[in-house]
Amino acid sequence: MGMRFGDRLRVTLFGESHGSCVGALIEGMPAGTPIDPAALAEDIAKRRPGRKGLSSRSERDECEILSGVYEGRATGWPILLLTRNSDVRSSDYSFLPDHPRPGHADMVEGIRLDGANDPRGGGSQSARLTFGLVSAGSQVRALLDDVGWSCTAHLHSIGEVSARPLFELERAAALDPASDMGRLNCRDPEAAARMSEHLESVRKDLDTVGSTVELLIEGLPIGVGEPWFDGIEPALARGLMAIPGARAVEFAHGVDSSSMRGSQHNDAWLSGDSEPTPEGAHTGQADGALGGRSTSAPIRAKVHFKPPSSLPREQFTLHLPSDEVRPLKVGGRHDPVIGPRAAPIVEAVAMLVIADLGMLGGFIGEAE
């Protein structure tokens, strides 16, 4: 069913939005890896619904570790992580399957499975399953810390309101969850305030808005990544584009590269302390990967998310039993923007992909 990714470090997602639980199974975690419950809870909290201006679904998202961990360390056997769904309102989806929502997978999933799918809250297509990605990603943070690698993501834009590049911002400090920065997972204080105002205007207009999450990967030496389809950019793009609502992934200069000249785009190699380094590495402007392998410069990426398709305002779409276009007003509890809660998901996917590539290349030890 395509719910698994990774080679040496494998993650399988499971559950449904309105089922009993959601979670992830992790295989390949090196034995002895420290598992920090406090760090896990902190990572999960960044994605949790129920914050002001976002989805009002109130899930505690307490992660149960059912196997693979003993006395705070991975045993090398599969780790099973899950959380129980406790705040479901399936009546909000009583219009399904007769009246599939525009912009959602209701129609294609119902036809593909001949009506055998679980339509409540999007079923297994729901962003609720990203709980498993965030909880799994948190488990590998200690692996990356051990080799000096880091992945940081934050909200870069809501609509036309953008933050400064992440390379220019403080990346280590924890964000106050009561502040606009913490609520939106944005590390630019001025931009976070403007984003909050813009989001409120969108909400009052009974609409939703698109957003972008920026990712910065630091500390990789030269050579992480495998040939062709397991190169850093292809592997990251595959994982990042699987996040619900993702519509584009850019690396380094991204789409601007297509209008640049080679003399502008190229980075000369310079002598470094331990290995050669691209000229633009210290300004955050160099390509962090060439030929699918890391260059020792930071890897910069942006993930663009569409506006959430469930709007508070009335829309017109096909009603299947009558074969007529009829009005539909989607109730329930939905995010007006994806980016704030997607930031920790982007970070988690990046950590999982980079850890897996690190194992493939022998930079990180594998489980026996």
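Placed above this text is the structure.
Quick notes on the rules
- Residues numbered from 1 in each chain as written.
- Predicted model: local features only at pLDDT ≥ 70, side-chain atom pairs only at ≥ 80, totals over all residues.
- Heavy atoms only, no water.
- Helix = DSSP H or I, 4+ residues; strand = E, 2+ residues; numbered from the N terminus.
- Salt bridge = Lys/Arg side-chain N within 4 Å of Asp/Glu carboxyl O.
- Buried < 20%, exposed > 50% of the residue type's maximum accessible area, 1.4 Å probe, protein only.
- Axes fitted to C-alpha atoms, helices over the stretch in contact; angles between N-to-C directions.
- Parallel < 35°, antiparallel > 145°, perpendicular 65-115°, else oblique.
- Left-handed = near helix turned anticlockwise from the far one by under 90°.
- Contact = heavy atoms within 4.5 Å.
- Pairing = 2+ DSSP bridges.
- Lys, Arg positive; Asp, Glu negative; His and termini not counted.
- Polar contact = N/O pair within 3.5 Å; in protein donor to acceptor, adjacent residues only side chain to side chain.

S.K.: Would you mind going over unusual backbone geometry with me for this structure?
M.R.: Working note: non-glycine residues mostly have negative phi, and peptide bonds are mostly trans. Look at the link from L96 to P97: it is a cis peptide, with omega at 5 degrees. Relative to the assigned elements, P97 resides in the loop between strand 7 (79-84) and helix 2 (106-112). For D114, which is not a glycine, the phi torsion comes out positive at approximately 55 degrees. Note on placement: D114 falls in the loop between helix 2 and helix 3 (130-139).

S.K.: Just to check I follow, could you spell out the pattern of salt bridges for this structure?
M.R.: Side-chain pairing between opposite charges can occur once the charged atoms of the two side chains come close. All chains considered together, the criterion is met by 16 salt bridges. A salt bridge links R141 to E347; the shortest N-O distance between them is 3.3 Å. One end of the pair, R141, is in helix 4 (residues 141-147); the other, E347, is in helix 9 (residues 339-360), and 206 residues separate them in sequence. Among the residues examined, R141 registers a relative accessible area of 22% and is labelled partly exposed.

S.K.: Is there a simple way to think about the packing of helix 7 (residues 232-241) against helix 9 in this case?
M.R.: Describing two packed helices takes the angle between their axes plus the distance from one axis to the other. Closest axis-to-axis distance for the helix 7/helix 9 pair is 9 Å, and the angle between their directions is 140 degrees. Comparing their axes, helix 9 and helix 7 come out oblique. Two packed elements cross with a definite hand, and for helix 7 against helix 9 that hand is right-handed. Together, I232, A235, L236, G239 and L240 of helix 7 and V346, V349, A350, V353 and L357 of helix 9 make up the contact between the two elements.

S.K.: It is not clear to me how the sheet that holds strand 3 (residues 21-27) should be interpreted in this structure. Could you clarify?
M.R.: Consider a sheet: its strands pair through backbone hydrogen bonds, and that pairing is either parallel or antiparallel. Read across the sheet, 5 strands follow the order 1-2-3-7-4 without closing on themselves; strand pairing throughout is antiparallel. Lying at the two open borders of the sheet, with one neighbouring strand each, are strand 1 (4-5) and strand 4 (64-67). Sheet analysis places strand 3 next to strand 7, joined by 6 bridges and oriented antiparallel. Each bridged residue has a counterpart across the sheet, and for G23 the counterpart in strand 7 is L82. Here helix 3 sits on the sheet and contacts strand 1, strand 2 (10-15), strand 3 and strand 7; the angle it forms with strand 3, its principal contact strand, is near 35 degrees.

S.K.: Please explain the pairing of strand 3 as it appears in this structure.
M.R.: Successive side chains on a regular strand alternate, one facing one side of the sheet and the next facing the other. Within strand 3, 5 of the 7 residues are buried, which leaves it mostly tucked inside the rest of the structure. Judged from the 6 bridges that link them, strand 2 and strand 3 form a sheet pairing that is antiparallel. Residue pairing across strands places G15 opposite V22, the latter belonging to strand 3. Connecting the antiparallel pair strand 2 and strand 3 is a turn made up of 5 residues.

S.K.: It is not clear to me how the sheet that holds strand 11 (residues 246-251) should be interpreted in this structure. Could you clarify?
M.R.: Pairing is antiparallel across the open sheet formed by 5 strands, whose spatial order is 9-8-10-16-11. In this open sheet, the two strands that pair with only one neighbour each are strand 9 (161-162) and strand 11. As judged from the 2 bridges shared by strand 8 (residues 150-158) and strand 9, these two strands associate in the antiparallel manner. If you follow S157 over to strand 9, its bridge partner there is S162. Helix-sheet contacts for helix 9 involve strand 8, strand 10 (211-218) and strand 16 (299-305), and the interaxial angle to strand 8 is about 150 degrees.

S.K.: Please clarify how the side chain of E250 should be interpreted in this entry.
M.R.: With respect to the secondary-structure elements, E250 resides in strand 11. No salt bridge is formed by the buried E250, whose closest oppositely charged neighbour, K302, lies at an N-O distance of 5.5 Å. A distance of 2.9 Å separates a polar atom in the side chain of E250 from the backbone nitrogen of V255. Look past the residues within four positions of E250 in its chain and what remains in contact with it is V255, R300, A301, K302 and H304.

All quantities given are derived from atomic positions and should not be read as evidence of function.
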